[in-house]
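Each chain, letter by letter, is given below.
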Amino acid sequence: MSDKVVLAYSGGLDTSVAIRWLKERYDLDVIALNVDVGNERDFSAVRQKALDIGAVKALVTDAKELFVNYFVFPALQADALYEGQYPLATALARPLMAKLLVDTALEEGASAVAHGCTGKGNDQVRFEVSISALAPSLKIIAPAREWGMTREESINYAQRYGIPVPATAASPYSIDENLWGRSIECGVLEDPWVEPPEEVFAWTNSPGDAPNVPGYVEIGFEQGIPVTIDGQEMDGVSLIQRVNELAGKHGVGRIDLLENRLVGIKSREIYEAPAATVLLQAHQALEAMTLSKNQLRFKQKVAVECADLIYNGLWFSSLHQDLAAYIKSSQRYVTGTVRLKLFKGGCQVVGRKSPKSLYSYGLATYDKGDEFDQSASPGFIHIWGLPLRTQAQVQPPTQDEGPLSIMAPKKTEEDN
Ligand code: ARG
């Protein structure tokens, strides 16, 4: 009996070819594992396809709930956006897939796991660092990185062995999608100057074709987790799906980013992430109301750290464990409702309320009912400004550049 390998199977060209290739090259029996993270697909057809190509077993796991509860919502609570823009959909799904690959390999007594990533991307790193953290002795095979076939050669290989070539193989684009977003690369997009053609988008209306009437949506949060839409309670998966539809209709969530890959390459990425865009904005607005200034300042640094480690494949690191504890603690009063306006590709927060709000009308108002003691301000300013006054006396500005020595133009008494 041959040894077994569990392959992360998408149903696409590369992982289909890999089923055959792993048998031929390594004499391994392939168990195909398809993980459903909300990438709309006909999963029974994907399963059957794996078996037809020669997998000894084909499994489909509905991992949508796991994905949302253990990966997406914690990333939302962290406000994780890579390089300030990318909500990390693909990067969040990889460690989950790695976990499910490892579990399946142990259950099935397989000695190896395999994935379909090439040698140029982030995903190979995320898979392999995660797998090795969870099961250091498991062998990892990356067929597409090893075989060095071009796209055309893969298609030829598929045709030679009667492997059905998906219609999408003819598309010049490389697409990955899950509940948290969709990414599109390759083809004309590789020229960073070229505007993405309309055909690359699948979840969002073109802002120009979006409804002429703005849409309003209210997102209710409980300790940093979205739990209601317009007052109606929803489980996480349905809530994200609903916001994706709603915001997508209004053309919200298109992102065009020239990003820094971990392997040193700059790459142009197009994303559609309607729900992520809306929910991250709403969450931040609620944090602005319920966290202190110092909590917010510190949390912004944690958010950058967290986004980087997720992007860089370090989900299962001790640093992440530690940061996650901080993030969870920071969310204990992030409860309330945020109102957003969606219109022609734009998404704006237009209202927020919380039972734990730190906003005080009495302190903020300029109308009657003002509770702020303005007579205390001169004393505050006296002490706040003390170091600057002291320094100005001892070290008057001498340099001819910089903010200390900015010169006003000479005034004259008469014009010319
Ligand atoms: N650039 C994004 C990331 O690294 C998206 C990658 C999409 N992956 C793919 N195999 N098409 O997270």
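In this report, we go over the structure that sits alongside the text.

What counts and what doesn't
Residues numbered from 1 in each chain as written. Predicted model: local features only at pLDDT ≥ 70, side-chain atom pairs only at ≥ 80, totals over all residues. Heavy atoms only, no water. Pairing = 2+ DSSP bridges. Helix = DSSP H or I, 4+ residues; strand = E, 2+ residues; numbered from the N terminus. Axes fitted to C-alpha atoms, helices over the stretch in contact; angles between N-to-C directions. Salt bridge = Lys/Arg side-chain N within 4 Å of Asp/Glu carboxyl O. Buried < 20%, exposed > 50% of the residue type's maximum accessible area, 1.4 Å probe, protein only. Expected span 1.5 Å × (residues − 1). Bend = angle between axes of the 7 residues up to and from the residue. 1 Å grid on protein atoms, 1.4 Å probe; cavity = no way out; pocket = protein on both sides within 12 Å on 5 of 7 lines; lining within 4 Å. Points joined across faces, edges and corners; volume = space filled by probe spheres on them. Near = heavy atom within 4 Å. Polar contact = N/O pair within 3.5 Å; in protein donor to acceptor, adjacent residues only side chain to side chain. Areas by Shrake-Rupley, 256 points an atom, 1.4 Å probe, with all protein chains shown as cover. Nonpolar A, V, L, I, M, F, W, Y, C, P; charged D, E, K, R; others polar. Parallel < 35°, antiparallel > 145°, perpendicular 65-115°, else oblique. Contact = heavy atoms within 4.5 Å. Core = buried A, V, L, I, M, F, W, Y, C linked by side-chain atoms within 4.5 Å.

Before going further, it helps to spend a moment on the sheet that holds strand S4 (residues 112-114). Judged by pairing direction, the sheet is parallel, and its five strands sit side by side in the order S3-S2-S1-S4-S5 without closing on themselves. Lying at the two open borders of the sheet, with one neighbouring strand each, are strand S3 (57-62) and strand S5 (139-141). This sheet shows a mean twist of 25 degrees between the axes of neighbouring strands, independent of strand direction. As judged from the three bridges shared by strand S1 (residues 4-8) and S4, these two strands associate in the parallel manner.

Counting across every chain of the model gives 20 salt bridges. One salt bridge connects arginine 126 with aspartate 123, and the closest N-O pair in it is separated by 2.7 Å. On the criterion of helical spacing, the pair formed by arginine 126 and aspartate 123 is a turn pair, its members being three residues apart in helix H5 (residues 123-134). Grouping residues by exposure puts arginine 126 and aspartate 123 together as buried. Linking glutamate 272 and arginine 182 is a salt bridge whose minimum nitrogen-to-oxygen distance equals 2.7 Å. Pair noted here: glutamate 272 is in strand S12 (residues 266-272) and arginine 182 is in strand S7 (residues 181-185), with a separation of 90 residues, a long-range link. A single burial state applies to glutamate 272 and to arginine 182, both of which are buried.

In a regular helix each residue adds 1.5 Å, so 15 residues correspond to 21 Å; helix H3 (residues 64-78) covers 20 Å between its end C-alpha atoms and thus fits that length. Most pronounced at valine 72, the bend in H3 amounts to some 35 degrees, and the proline proline 74 follows within four residues. Taken together, the buried positions of H3 are occupied by Lys64, Phe67, Val68, Phe71, Val72, Phe73, Ala75, Leu76, Gln77 and Ala78. Where H3 terminates, the next one or two residues include aspartate 79, which has phi positive at roughly 60 degrees.

Bringing empty space enclosed by the protein into the picture now. Tallying each qualifying case throughout the model produces one cavity of 30 Å³ or more. Lining of the largest cavity is provided by 13 residues; of these, Tyr86, Ala89, Gly181, Arg182 and Tyr271 occupy positions nearest its centre. Secondary structure elements with two or more residues in the lining of the largest cavity: helix H4 (89-108), S7 and S12. Residue contributions to the lining of the largest cavity peak at three residues, all from S7.

Before going further, it helps to examine the site of the ligand. Near the ligand there are 15 residues, and of these Tyr86, Asn122, Asp123, Arg126 and Glu259 occur at the shortest range. Side-chain polar atom of aspartate 123 to a nitrogen atom of the ligand: 3.0 Å apart, as the coordinates give it. A distance of 3.3 Å separates a nitrogen atom of the ligand from a polar atom in the side chain of serine 174. Compared with its free state, where it exposes 340 Å², the ligand has 88% of that area covered by protein. Elements with a contribution of two residues or more to the shell around the ligand: H4, H5, strand S6 (174-178), S7 and S12. By residue number, the principal contributor to the shell around the ligand is H4, which donates three residues. Among the residues forming the shell around the ligand, the class breakdown is four nonpolar, four polar and seven charged.

The subject of this paragraph is the packing of helix H8 (residues 236-249) against helix H9 (residues 274-290). The angle between the axes and the distance between the axes are what describe a pair of packed helices. Contact geometry for H8 and H9: axes closest at 7 Å, N-to-C directions at 100 degrees. With respect to each other, H8 and H9 are oriented roughly perpendicular. For the pair formed by H8 and H9, the contact residues are Leu239, Ile240, Val243, Asn244, Ala247 and Gly248 on the first element and Pro274, Ala275, Val278 and Leu279 on the second. Here the residues of the contact of H8 with H9 are counted per class, giving eight nonpolar, two polar and no charged.

With respect to the helices, strands and loops of the structure, serine 330 is situated in helix H11 (residues 318-330). Taking the relative accessible area as the measure of exposure, serine 330 reaches 6% and is therefore buried. Residue contacts for serine 330: discarding those within four places in its chain leaves Leu291 and Lys299.

The next thing to look at is the nonpolar core. Of all hydrophobic cores here, the largest spans 78 residues; its most connected members are Phe67, Leu88, Leu92, Trp180, Ile240, Leu279 and Ile310. Top element by residues in this core is H4. It accounts for eleven residues. With residues up to four places along the chain from it excluded, the contact list for isoleucine 310 reads Ala75, Ala80, Leu88, Ala91, Leu92, Arg126 and Trp315. Judged by nonpolar contacts, the second largest core, of 27 residues, contains Val5, Val46, Ala114 and Ala158.

Right, let's talk about the pairing of S7 for a bit. Among the five residues of S7, four are classified as buried, and the element is accordingly described as predominantly covered. Pairing analysis gives five bridges linking S6 to S7, with the strands arranged antiparallel. Across the sheet, residue asparagine 178 finds its bridge partner in S7, namely glycine 181. Here S6 hands over to S7 after two residues, the two strands then running antiparallel side by side. For S7 and S12, the ladder comprises three bridges, and the chain directions are antiparallel. Bridge pairing links isoleucine 184 to isoleucine 270 in S12.

Just geometry here; none of it tells us what the structure is for.
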